[in-house]
Amino acid sequence: SQQGEEDPQALSIQEGENATMNCSYKTSINNLQWYRQNSGRGLVHLILIRSNEREKHSGRLRVTLDTSKKSSSLLITASRAADTASYFCATWPGGTSGSRLTFGEGTQLTVNP
Amino acid sequence: SQTIHQWPATLVQPVGSPLSLECTVEGTSNPNLYWYRQAAGRGLQLLFYSVGIGQISSEVPQNLSASRPQDRQFILSSKKLLLSDSGFYLCAWSAWKGEKLFFGSGTQLSVL
């Protein structure tokens, strides 16, 4: 079963606007990761945030993590047409359970020029 | 630097035919290796993962199998493909448990 659920499923914005995507998960985690996928291609890792971290930045990306609410958000500032892609959150379980990253269903972001 | 190679990029196979998809990693040793499948417009489903040569864990019962004959080689196989095996197959590796994954470019498999 999927651990993470992204919201919204699809998002359409204008170039220059900010895009916010949310991810909720069900069980305790070691870390949460965000990936990007261009149509028909493999996924590219964007950012990893550990369970003891609350916020991380990478360029125009800002990720927050609220373990009490079991949720995370990805903010892309000053979006560009090239940011058009699907974005996935993925969780690595806490404790010693498993050796696998579990992905959500993704948010399809469209940035209109 | 590390690279991951996955081939072929596209594959069209008849129902009942065998399958072999290969993935190799360069520039690292003893990687954790993964096979995922993605249905159109959906998230990724983990099929198999391996933490070492000959060590394969299966996540989903199906007619697929995986093997790791060498440290940096991961193979996905089937003896007889089903229509439901169609999808986008992705190989990935990580340096160790819990860290980020590096994905191959994927194989689009169509079973007709």
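What exactly am I supposed to notice about the overall build of chain A here?
Counting its regular elements, chain A contains zero helices and eleven strands. Listed by position from the N terminus, the elements making up chain A come as β-β-β-β-β-β-β-β-β-β-β. Relative to the 2.2 N^0.38 estimate, which gives 13 Å for 113 residues, the radius of gyration of chain A is 14 Å and therefore close to what a compact globule would have. Reported as C-alpha extents along the three principal axes, the dimensions of chain A are approximately 45 × 30 × 20 Å. Expressed as a percentage of the 113 residues in chain A, the buried residues total 47%. Taking the intrachain contacts of chain A between residues at least 6 apart in sequence as the baseline, contacts between residues at least 24 apart amount to 56%. The averaged location of the 10 negative side-chain charges in chain A is 7 Å from the averaged location of its 12 positive side-chain charges.

Is there a simple way to think about the interface of chain B and chain A in this case?
Quite often, the size of an interface is put as the accessible area lost when its parts meet. Listed by partner, the interface residues are 20 residues for chain B and 22 residues for chain A. When the two sides are added together, the surface that chain B and chain A hide from each other amounts to roughly 1,700 Å², 52% of it contributed by carbon and sulfur. Of all residues in chain B, B:Leu44, B:Lys97 and B:Gly98 give up the largest surface area on contact with chain A, accounting jointly for 26% of the area buried on that side. Seen at the junction of chain B and chain A, the total is two salt bridges. A salt bridge links A:Glu105 to B:Arg42; the nearest nitrogen and oxygen atoms lie 2.4 Å apart. Seen at the junction of chain B and chain A, the total is seven residue pairs in polar contact (both at pLDDT 80 or more).

Just checking my understanding: could you explain the state of the cysteines for this structure?
Among covalent bonds in proteins, the disulfide is the one between the sulfur atoms of two cysteines. The final tally for this structure, using the stated rule, is two disulfides over all chains. Here A:Cys23 pairs with A:Cys89 through a disulfide, and the sulfurs are 2.0 Å apart. For the disulfide bridge between A:Cys23 and A:Cys89, the dihedral angle about the S-S bond is near 65°, and by the sign convention the bridge is right-handed. On the criterion of sequence distance, the pair formed by A:Cys23 in strand E3 (residues 19–24) and A:Cys89 in strand E9 (residues 85–93) is long-range, its members being 66 residues apart. The residue that forms a disulfide with B:Cys23 is B:Cys91, at a sulfur-sulfur distance of 2.0 Å. The chirality of the disulfide connecting B:Cys23 with B:Cys91 is left-handed, given an S-S dihedral of about -80°. Taken together, the positions of B:Cys23 in strand E3 (residues 19–26) and B:Cys91 in strand E9 (residues 87–94) put the pair 68 residues apart, joining distant regions of the chain.

Explanation requested: the sheet that holds strand E6 (residues 55–58) of chain A in the structure shown.
Sheets are built from strands that pair by backbone hydrogen bonding, the pairs being arranged parallel or antiparallel. Residues and elements named next belong to chain A. Pairing is antiparallel across the open sheet formed by five strands, whose spatial order is E1-E3-E8-E7-E6. Either end of the sheet is taken by a strand with one partner, and the two such strands are strand E1 (5–7) and E6. When strand polarity is set aside, the average angle formed by the axes of neighbouring strands in this sheet is 20°. The pairing of E1 with E3 spans three bridges and is classified as antiparallel.

I tried to follow the pairing of E6(A) on my own but got confused; where do I start?
Regular strands show a simple pattern: their side chains alternate between the two faces of the sheet. Residue and element names in this part refer to chain A. As paired elements, E6 and strand E7 (residues 61–66) share four bridges and run antiparallel to each other. The residue bridging Ser 58 from the neighbouring strand is Leu 61, located in E7. Hairpin remark: E6 followed by E7, antiparallel, with two residues in the connecting loop; positive phi at Gly 59, about 60°.

Before we go on, may I ask you to explain the environment of A:Ser86 in this structure?
Residue and element names in this part refer to chain A. As for its placement among the helices and strands, Ser 86 is situated in strand E9. Classification of Ser 86 as buried rests on a relative accessible area of 16%. Separated by 75 residues in the primary sequence, Ser 86 and Leu 11 have C-alpha atoms spaced 9.8 Å apart. Setting aside residues up to four positions removed in sequence, Ser 86 forms contacts with Tyr 35, Arg 36, Gln 37, Thr 107 and Gln 108.

Rules of the game
Residues numbered from 1 in each chain as written. Chains lettered and ligands numbered in written order. Predicted model: local features only at pLDDT ≥ 70, side-chain atom pairs only at ≥ 80, totals over all residues. Heavy atoms only, no water. Helix = DSSP H or I, 4+ residues; strand = E, 2+ residues; numbered from the N terminus. Rg over C-alpha atoms; globule rule 2.2 N^0.38 Å. Buried < 20%, exposed > 50% of the residue type's maximum accessible area, 1.4 Å probe, protein only. Contact = heavy atoms within 4.5 Å. Lys, Arg positive; Asp, Glu negative; His and termini not counted. Charge placed at Lys NZ, Arg CZ, Asp CG, Glu CD. Buried area = accessible area lost by both parts, 1.4 Å probe. Salt bridge = Lys/Arg side-chain N within 4 Å of Asp/Glu carboxyl O. Polar contact = N/O pair within 3.5 Å; in protein donor to acceptor, adjacent residues only side chain to side chain. Disulfide = S-S within 2.5 Å. Pairing = 2+ DSSP bridges. Axes fitted to C-alpha atoms, helices over the stretch in contact; angles between N-to-C directions.

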